[in-house]
Amino acid sequence: MDKYVPVAGNGLLDRRAFLRGGAALAAAMTGYAIKPAAAETLTDPQWSNEPGTLVPPYGVPSKYEKGVVRTLSNPNAEPRTQHARTPHHRLQGMVTPNGLHFTISHAGNAEVDSEQHRLVIHGLVKRPLVFTLDSLARYPMVSRFTFVECGGNSAPLFSPEPIQASVQALHGLASCAEWTGVKLSTLLEETGIDPKAKWVVAEGADAPHLSRSVPLSKILDDAMVALYQNGERVMPGQGYPMRLLLPGWEGNMNVKWLRRLQLTEVPGMTYYESRTTRRSCPTARPTGFTSSRK
């Protein structure tokens, strides 16, 4: 073997020498031989001999990707919670496509008329305000990539006998997107904050009016009213036309279909945070609600 690797001008590896040696090495290591392109005649398949389909007004995935879908826990829309899990094993990259972002809905996806929807900020504020979608668009917006994750994601792994299942079944209740919207600190600067305020009770416009209490310190840190998801309006299952986004905090606190923010002195201890998301301890009293920072 030569002491030195053959090089071309400017110290670059000689491409021809690399191809000669690389092809032989690859064949030896993998057992596959690299065939010259001229060894086979290319034929024209059907799609190369006829016009394609009509370009749609809104693009959808290829029909050959029909297996890349979410799995549904309640496909018949029975009167209980519906889960749609992200197929992580069929995706690449950091961002989850909007149509594959995981969803949990307690009464289906609310069909909110964006023209009529309003966001109210009231309670311990100096000037209560009402915002429409158009009025929010006049404020400076920020964008950030962040995960939203259900507090129960990966829960099967903590069972006495963990199930053997796919990554979608085990970890499909977490997804990542680029969220764009208005920081809540900006809106609260408009309303003014009463010094007694320590909490914010967020309420959704869906039928159950899911509500969660959030420390005011978190709201003023990095919370936003998200209006866009990966560049387009937030999807219905993600709270169209607007949702609360609390980066790093469990999914159920990121209230969807956001319609009310009430500043209070104490947490609201609403139905969902005092019952549904309450943590139990077998050797002590049940704990209060938690934020479960991720």
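Whatever comes next refers back to the structure up there.
Below: a short report on this structure. Since the structure is predicted, the reported quantities are computational estimates derived from the model, not experimental observations. (Residues numbered from 1 in each chain as written. Predicted model: local features only at pLDDT ≥ 70, side-chain atom pairs only at ≥ 80, totals over all residues. Heavy atoms only, no water.)

1. Here's the deal with the environment of Glu115
- Residue placement: Glu115 occurs in the loop between strand S3 (103–105) and strand S4 (119–123).
- On the accessibility criterion, Glu115 (61% relative accessible area) is exposed.
- For the pair Glu115 and Leu133, spaced 18 residues apart in sequence, the C-alpha separation works out to 7.5 Å. (Helix = DSSP H or I, 4+ residues; strand = E, 2+ residues; numbered from the N terminus. Buried < 20%, exposed > 50% of the residue type's maximum accessible area, 1.4 Å probe, protein only.)

2. Topic: the sheet that holds strand S8 (residues 199–204)
- With respect to topology, five strands assemble into an open sheet ordered S5-S4-S13-S8-S9, the strand pairing being mixed. The open sheet is flanked by strand S5 (129–131) and strand S9 (211–215), the only strands paired with a single partner. Here the strands of the sheet are splayed against their neighbours by 20 degrees on average, with no regard to which way each runs.
- Direction of pairing for S8 relative to strand S13 (residues 258–264): antiparallel, over a ladder of six bridges. Pairing of Ala202 across the sheet is with Leu261, part of S13. (Pairing = 2+ DSSP bridges. Axes fitted to C-alpha atoms, helices over the stretch in contact; angles between N-to-C directions.)

3. Examining the layout of surface pockets
- Estimated volume of the second largest pocket: approximately 300 Å³.
- Residues that form the lining of the second largest pocket fall into these classes: nine nonpolar, three polar and four charged. (1 Å grid on protein atoms, 1.4 Å probe; cavity = no way out; pocket = protein on both sides within 12 Å on 5 of 7 lines; lining within 4 Å. Points joined across faces, edges and corners; volume = space filled by probe spheres on them. Nonpolar A, V, L, I, M, F, W, Y, C, P; charged D, E, K, R; others polar.)

4. Thoughts on the side chain of Lys218
- Inspection of the secondary structure assignment puts Lys218 in helix H5 (residues 216–221).
- A distance of 2.7 Å separates the side chain of Lys218 from the backbone oxygen of Pro247, its partner in a polar contact. (Polar contact = N/O pair within 3.5 Å; in protein donor to acceptor, adjacent residues only side chain to side chain.)

5. Describing the sheet that holds S3
- The three strands are arranged S1-S2-S3 in an open sheet whose pairing can be described as antiparallel. Each having just a single partner strand, strand S1 (71–72) and S3 make up the two edges of the open sheet.

6. What about a nonpolar patch on the surface?
- A cluster of nonpolar side chains, contributed by Met94, Val95 and Phe145, occupies part of the molecular surface with about 280 Å² of accessible area.
- Note that Phe145 resides in strand S6 (residues 142–149). (Patch = residues over 30% accessible without salt bridge, like charges linked within 9 Å, V, L, I, M, F, W, Y side chains within 5 Å. Areas by Shrake-Rupley, 256 points an atom, 1.4 Å probe, with all protein chains shown as cover. Salt bridge = Lys/Arg side-chain N within 4 Å of Asp/Glu carboxyl O.)

7. Considerations on the nonpolar core
- Counting 33 residues, the largest nonpolar core has Leu187, Ile219, Val225, Leu244, Leu258 and Leu263 as its most contacted members.
- At the level of secondary structure, the elements contributing two or more residues to this core comprise S4, S5, helix H2 (133–136), helix H4 (184–191), S8, H5, strand S10 (224–229) and S13.
- Setting aside residues no more than four positions away along its own chain, Val225 makes contact with Leu119, Leu136, Thr180, Gly181, Val182, Leu184, Leu187, Met242, Arg243 and Leu258.
- By size, the runner-up hydrophobic cluster in this structure holds 11 residues, among which are Val148, Met224, Ala226 and Leu245. (Core = buried A, V, L, I, M, F, W, Y, C linked by side-chain atoms within 4.5 Å. Contact = heavy atoms within 4.5 Å.)

8. Remarks on the packing of aromatic side chains
- Considering all chains together, one arrives at two aromatic pairs under this definition.
- Measuring from centroid to centroid gives 6.0 Å for Phe131 and Tyr139, while their planes differ by 70 degrees, and the two rings are edge-to-face. Like Tyr139, Phe131 is buried.
- An angle of 85 degrees between the planes, with centres 5.1 Å apart, marks the rings of Tyr271 and Tyr272 as edge-to-face.
- Take Tyr271: its relative accessible area is 48%, and that puts it in the partly exposed class.
- Under the relative-accessibility criterion, Tyr272 is labelled buried at 12%. (Phe/Tyr/Trp six-rings, centres within 6.5 Å; stacked < 30°, edge-to-face > 60°.)

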